Amino acid sequence: MTRPVRVRFAPSPTGSLHIGGARTAIYNWAFARRSGGTFILRIDDTDAERSTQENTGVILRSLRWLGLDWDEGPEIGGAYGPYFQAERAGLYHEALESLRASGHAYPCFCSAEELAAKREAARSRGGFSGYDRTCRALSAQEAADRIDAGAPHVWRIKVPVGRDDITFDDAIRGEIIFPADAMDDFVLARTDGSPTYNFATVVDDWKMEITHVIRGDDHLSNTPRQIVVFEALGAEVPRFAHLSMIWGADGKKLSKRHGATSVEAYRDGGILPEALLNYLALLGWSLDGETTIVSARTLTENFSMERISKNPAIFDLEKLEWMNGVYIREMSPRQLAERMMPWLAEAGLTAADDFQTRETWYLELAPLVSERVKRMTEIAPAVGFLFADEVTAEASAAAKAYADETAVSALAAASDALSGLDVWSTESVEAALRAVPESLGIKPKVLFQAVRVAVTGSLVSPPLFESLALLGREASVARLQAALALANG
RNA sequence: GGCCCGUUCGUCUAGCGGUUAGGACACCGCCCUCUCAAGGCGGAGAUCACGGGUUCGAAUCCCGUACGGGCUACCA
């Protein structure tokens, strides 16, 4: 009863890692780490049609990017492999063989059409609409004869007659009871001999000695079926924990129309892995109801299934973005500078290794953007003016900033003041610029906005004096001159 | 149709018989301020889906109802 904790995340490589799958993986991982257990990654690729190696690669990369590491699975192996279902066919055959031998499985020769007709009839009658067990009544001899004659057939589980209700204590939902008489003799192996999902997972969870199955809510109704198989196999039934779904803003299942649903889409959208991990962890789990910023470490040290909520959660992009901003602001200038380089390079502003050649410059730049961006993708547009040869202000911005006559003359004065500076620093630039409106008797803001547009090309930018300091005297003065030329016709 | 699950501010949640129902995002106002942010302070926002019980007392326990979701496949 006190087996060492072994949990697994078993995605189907039929697409990239979905946000809901990521959360399931996070909970499994956190639970394993918290309890000193083993986190296993298994690839459920029985669906050969839709499964691809490429998707498997994407899923592994996404998990790693999130900071999750597995103890057994693809790329690292383990004592319970293989970790791809496609490579475990032999195990499923063996398991089916043993069920056959012990009388827990029987062949069914009913055709798809027959089954569909029966189902429909049963449903219109009301009540139970599962398989009517026609073939279960066949004698062993007759069944064997028909198999020998080459009759196509599937193998079904023989749900024990007169069995008690199937109950289990879900770690999240508590006691769950399914009436045994509503249990279907579902299919274990298809006509082609391949195992169905409900059979393959049970065999795998059994063979891999999984102790806790933490998975999506959509499997809750599959659980009694799987329990029947565990029991028929003589295997210990693991503890189950069913997570509710993640929904889109409209309360419908999260799908493409709600925007990005894959982990890599958020990565590409400038979301930090620690922020996504934090957000997803809290979407259905709480540390204490108060804390919102939870590190991976805090998560693995405090995770508990008792604090997982039962109700479905709506994915709130705004909160994720806020959280991402928090993580950006928490970074030291050096961390931010290093991590923003790929994004600057991606935007074509500079080479990623430029950080090495101008470290100080980037260390001064980082704090300027840290508190005004929510996503890493917003950095390049915000600082692009520092990398451009020249800027052209948007017409509306120019119109607004240079509308005032005094602004233009102040611009000229500012240009003079700056070009005559001995020392070029944030402090000296600020002192020089503040002196101008004072002597001209105009509002500082009028000048500052005019300078901002002239130098950055926009009415909105990082702090002005710091920006000029980083831009350098030559470029700053040149931009002011260009703006003057423009404003004067 | 049958079976199962869910329901606390717009959203994520705290709460596990006695609270002015707490926090976070978003929203509004004020302060700070060279723009935008960030930050600080404050505000508004939940008759705890509804109806019955149990109890001195219920968001918390029980039963119904409604609404939403899942399963009911030789998908996973």
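Please read all numbers here as calculations on a predicted model, not as lab measurements.

Before going further, it helps to spend a moment on the overall build of chain A. Check the secondary structure of chain A and you find 21 helices and 11 strands. At 32 Å, chain A has a C-alpha radius of gyration far larger than the 23 Å of a compact globule built from 489 residues. Projected onto its principal axes, the C-alpha coordinates of chain A cover approximately 110 × 45 × 40 Å. The 489 residues of chain A split such that 48% are buried. A sequence separation of at least 24 residues applies to 75% of the contacts in chain A between residues at least 6 apart. Accessible surface, chain A: about 23000 Å² in total, of which carbon and sulfur atoms supply 51%. Within chain A, one finds 51 positive and 67 negative side-chain charges whose respective centroids are separated by 5 Å.

Burial analysis of strand β9 (residues 239–243) places four of its five residues in the buried class, the great majority of the element. Pairing geometry for strand β8 (residues 212–216) and β9, over five bridges, is parallel. Bridged to Val213 within β9 is Phe240. In terms of handedness, the path from β8 via helix α7 (residues 223–233) over to β9 forms a crossover that is right-handed.

Among the structural elements, Arg88 can be located in the loop between α2 (53–66) and α3 (89–101). With relative accessibility at 1%, the residue Arg88 sits in the buried group.

What follows deals with the protein's contact with RNA strand B. Arg173, Arg190, Thr191, Arg225 and Arg372 are the nearest of the 65 residues found near RNA strand B. In RNA strand B, atoms within 4 Å of the protein come from the sugar-phosphate backbone in 67% of cases. Asn311 places a side-chain nitrogen or oxygen 3.2 Å from a phosphate oxygen of RNA strand B. Within the backbone of Pro463, an N or O atom sits 3.3 Å from a base oxygen of RNA strand B. Going through the elements one at a time, α4 (112–125), β6 (174–178), β11 (313–314), α11 (317–330), α19 (444–456) and α20 (464–471) are the ones with two or more residues in the surface near RNA strand B. Among the residues making up the surface near RNA strand B, the classes are represented as 23 nonpolar, 18 polar and 24 charged.

What follows covers the packing of aromatic side chains. Considering all chains together, one arrives at 11 aromatic pairs under this definition. Here the aromatic rings of Tyr27 and Phe303 are separated by 5.3 Å at their centres, their planes lie at 45°, and the arrangement is tilted. Taken together, the positions of Tyr27 in helix α1 (residues 19–34) and Phe303 in the loop between α10 (296–302) and β11 put the pair 276 residues apart, joining distant regions of the chain. For Phe303, a relative accessible area of 2% translates into the label buried. Directly above the ring of Trp155 sits Arg100, whose terminal nitrogen or CZ lies 4.2 Å from the centroid. Positioned above the aromatic ring of Trp361 is the side chain of Arg358, whose terminal nitrogen or guanidinium carbon lies 4.0 Å from the ring centre.

Strands in a sheet are paired, the pairing made by backbone hydrogen bonds, and the direction either parallel or antiparallel. With antiparallel pairing, the three strands of this open sheet are ordered in space as β3-β4-β7. Only two strands of the sheet have a single partner each, and these edge strands are β3 (105–108) and β7 (187–189). When the angles between neighbouring strand axes are averaged without regard to direction, this sheet yields 45°. When strand β4 (residues 154–157) meets β7, the two strands line up antiparallel, connected through two bridges. Looking at β7, one finds that Trp155 is bridged to Ala189.

Right, let's talk about the nonpolar core for a bit. Core analysis: the biggest nonpolar cluster contains 106 residues, and Phe315, Tyr402 and Leu418 have the highest contact counts within it. Ranked by residues supplied to this core, first place goes to α1 with nine residues. Every residue in contact with Phe315, bar those within four places of it in the chain, is listed here: Ile19, Ile246, Trp247, Leu254, Tyr266, Tyr279, Leu280, Leu283 and Leu320. One finds Leu96, Phe178, Ala200 and Val213 within the second-largest nonpolar core, a separate group that totals 34 residues.

Within the fold, Arg6 resides in strand β1 (residues 6–9). Discounting residues that sit within four places of it in the chain, Arg6 has contacts with Thr38, Ile40, Glu72, Tyr80, Met208, Glu209, Ile210, Thr211 and His212.

A separate point is the pattern of salt bridges. Under the counting rule described, the total for this entry stands at 25 salt bridges. A salt bridge links Glu301 to Arg297, with the nearest nitrogen and oxygen atoms 2.9 Å apart. Residue Glu301 and its partner Arg297 are both found in helix α10; the two are separated by four residues, about one turn of the helix. Among the ionic pairs, Glu371 bridges to Arg372, the shortest N-O distance being 3.9 Å. Taking the relative accessible area as the measure of exposure, Glu371 reaches 56% and is therefore exposed. Each of the salt bridges in this network shares a partner with another, and the network as a whole consists of Arg8, Arg42, Asp44, Arg88, Asp204 and Asp205.

Rules and cut-offs
Residues numbered from 1 in each chain as written. Chains lettered and ligands numbered in written order. Predicted model: local features only at pLDDT ≥ 70, side-chain atom pairs only at ≥ 80, totals over all residues. Heavy atoms only, no water. Helix = DSSP H or I, 4+ residues; strand = E, 2+ residues; numbered from the N terminus. Rg over C-alpha atoms; globule rule 2.2 N^0.38 Å. Buried < 20%, exposed > 50% of the residue type's maximum accessible area, 1.4 Å probe, protein only. Contact = heavy atoms within 4.5 Å. Areas by Shrake-Rupley, 256 points an atom, 1.4 Å probe, with all protein chains shown as cover. Lys, Arg positive; Asp, Glu negative; His and termini not counted. Charge placed at Lys NZ, Arg CZ, Asp CG, Glu CD. Pairing = 2+ DSSP bridges. Right-handed = clockwise from strand over helix to strand, strands pointing away. Near = heavy atom within 4 Å. Polar contact = N/O pair within 3.5 Å; in protein donor to acceptor, adjacent residues only side chain to side chain. Nonpolar A, V, L, I, M, F, W, Y, C, P; charged D, E, K, R; others polar. Phe/Tyr/Trp six-rings, centres within 6.5 Å; stacked < 30°, edge-to-face > 60°. Lys NZ or Arg CZ within 6 Å of the ring centre and 35° of its normal. Axes fitted to C-alpha atoms, helices over the stretch in contact; angles between N-to-C directions. Core = buried A, V, L, I, M, F, W, Y, C linked by side-chain atoms within 4.5 Å. Salt bridge = Lys/Arg side-chain N within 4 Å of Asp/Glu carboxyl O.

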